[in-house]
Amino acid sequence: MSVTAPPLPTSPAPAPSRRSHRLTQESSRRIGFGLSYVILVPVAILFLAPFAWMVSASFQHIGDMFSWPPQWVPKSPSLDGYKTFLGIGNVGEARGAEGAGRWFLNSAFVATSVTVLQLFFNSLAAYVFAKRTFPGRDAIFLLFLGTMMVPGQITLIPNYLVMKHIPFFGGNDAFGNGGHGWLDSYYGLILPGCVSAFGVFLMRQYMQSIPDTLLDAARIDGASEFRIFWQVVLPLCRPALAAMGIFTFTAAWEDFFWPLIITSSPEHYTAPLGLALFVVKNRTSWDVLMAGSVIATLPMVAVFMVFQRQFIQGIAMSGVKG
């Protein structure tokens, strides 16, 4: 009589090691990064190509500027466009070259003033909407947010009339009649843009991520609401303030339509208006125009390069809560 031995227990299949799992994750991550670069590099080249051609064209003569195929590297680089725009040496028939310095000073003053005012008033309004409770707060905020859907061209004429009839300014009487008010002045260039609905929305979204316990602790210590806003909330909102500051400065620097409507004297021209002097119907100084455009673009690029880390962090954190 034969006795069969019981079958030996089969050992379970060995689980994949942690090292192989980590290698799989790293390989998939590298593939993802590779695909991202494959997609983003051509897109970046596509967006940078016009700016690169503008810089190259600013060093070319008009005859070489419109040659085909385009010359990305100038054959005979020249600084005549920059000299003519800045009024250095023999400026010839360049229009407005003598006021280039004044244009950029006006743009810097207007853009900086608008940015500082928006940083203060937008963050102050955002603090009220984010951290204060009062009847109708959400309805008022939605109504205020709805103004973003109104095109800016619709408000040009009302804003113009308001600036014209400011009492006691520009020869106006108490009823705002008889003079020109804030037309053709720095007040008219700056004050209509001192508040932005988008800026209030951006700051409110960021402030909602700040814990209310910090504010309650400050209130227990006897701090006033403005002191809480100034010393507790604002220091925590630096990334969002940097993002809003870049948006505001860029929009104010390159604004063309509103200064064109409200200013009439050359001493109040901004850089975009000054550049438009070189665009005429029968003859356009393209070399001078390209040189001025490069100079006008440099401040915006510099501001973004300095605050790019805070800008990216502020945009990323503004949608975390709320």
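Residues numbered from 1 in each chain as written. Predicted model: local features only at pLDDT ≥ 70, side-chain atom pairs only at ≥ 80, totals over all residues. Heavy atoms only, no water.

Caption draft 1: Structural detail: a nonpolar patch on the surface. A grouping of V38, I39, L40, V43, L46 and F47 is seen on the molecular surface, where their side chains present a nonpolar patch of about 660 Å² in accessible area. In this structure, V43 sits in helix α1 (residues 18–57). (Patch = residues over 30% accessible without salt bridge, like charges linked within 9 Å, V, L, I, M, F, W, Y side chains within 5 Å. Areas by Shrake-Rupley, 256 points an atom, 1.4 Å probe, with all protein chains shown as cover. Salt bridge = Lys/Arg side-chain N within 4 Å of Asp/Glu carboxyl O. Helix = DSSP H or I, 4+ residues; strand = E, 2+ residues; numbered from the N terminus.)

Caption draft 2: Just the confidence of the model for the protein chain, in detail. Of the residues in the protein chain, 85% reach a pLDDT of 70 or more, and the chain-wide mean stands at 82. Mean pLDDT across the secondary structure elements of the protein chain bottoms out at helix α2 (residues 62–65), with 74, and peaks at helix α7 (residues 186–190), with 94. Contacts from residues 91–97, a stretch scored under 50 in pLDDT, to residues over four places away or in other chains number 18 contacts. (pLDDT = per-residue confidence, 0-100. Contact = heavy atoms within 4.5 Å.)

Caption draft 3: Highlighting unusual backbone geometry. Residues other than glycine seldom take positive phi values, yet F168 does so here, at roughly 65°. With respect to the helices, strands and loops of the structure, F168 is situated in the loop between α6 (156–164) and α7. Residue F168 is classed as exposed on the basis of its relative accessible area of 65%. Within the chain, D184 stands out as a residue other than glycine whose phi angle is a positive 55°. Relative to the helices and strands, D184 is located in the loop between α6 and α7. (Buried < 20%, exposed > 50% of the residue type's maximum accessible area, 1.4 Å probe, protein only.)

Caption draft 4: Broad picture of the packing of helix α4 (residues 100–131) against helix α5 (residues 137–146). At a minimum axis separation of 9 Å, α4 and α5 run at an interaxial angle of 140°. Taken as axis vectors, α4 and α5 run oblique relative to one another. Relative to α5, the crossing made by α4 is left-handed. Two secondary-structure elements touch here, α4 through V128, F129 and A130 and α5 through R137, I140 and F141. Looking at the contact of α4 with α5, its residues break down into five nonpolar, no polar and one charged. (Axes fitted to C-alpha atoms, helices over the stretch in contact; angles between N-to-C directions. Parallel < 35°, antiparallel > 145°, perpendicular 65-115°, else oblique. Left-handed = near helix turned anticlockwise from the far one by under 90°. Nonpolar A, V, L, I, M, F, W, Y, C, P; charged D, E, K, R; others polar.)

Caption draft 5: Layout of the pattern of salt bridges. Counted under the stated rule, the structure contains five salt bridges. Between E225 and R219 there is a salt bridge, and its shortest N-O distance comes to 2.8 Å. Here the salt bridges share partners, and the residues they tie into one network are R132, D216, R219 and E225.

Caption draft 6: Local environment of the packing of aromatic side chains. Summed over the entire model, instances satisfying the criterion amount to 17 aromatic pairs. Judged by centre distance (5.7 Å) and plane angle (50°), the rings of Y127 and F229 are tilted. With Y127 in helix α4 and F229 in helix α10 (residues 225–236), the pair connects residues that are 102 residues apart, well separated along the chain. A residue is classified by how much of its surface remains accessible, and F229, at 1% relative accessible area, is buried. Measuring from centroid to centroid gives 5.3 Å for F169 and W182, while their planes differ by 65°, and the two rings are edge-to-face. You can see F169 sitting in the loop between α6 and α7 and its partner W182 sitting in the loop between α6 and α7, a full 13 residues away along the chain. Judged by its relative accessible area of 13%, W182 falls in the buried class. Ring pairing ties together the aromatic residues F120, F121, Y127, F226, F229 and W230, which thus form one cluster. (Phe/Tyr/Trp six-rings, centres within 6.5 Å; stacked < 30°, edge-to-face > 60°.)

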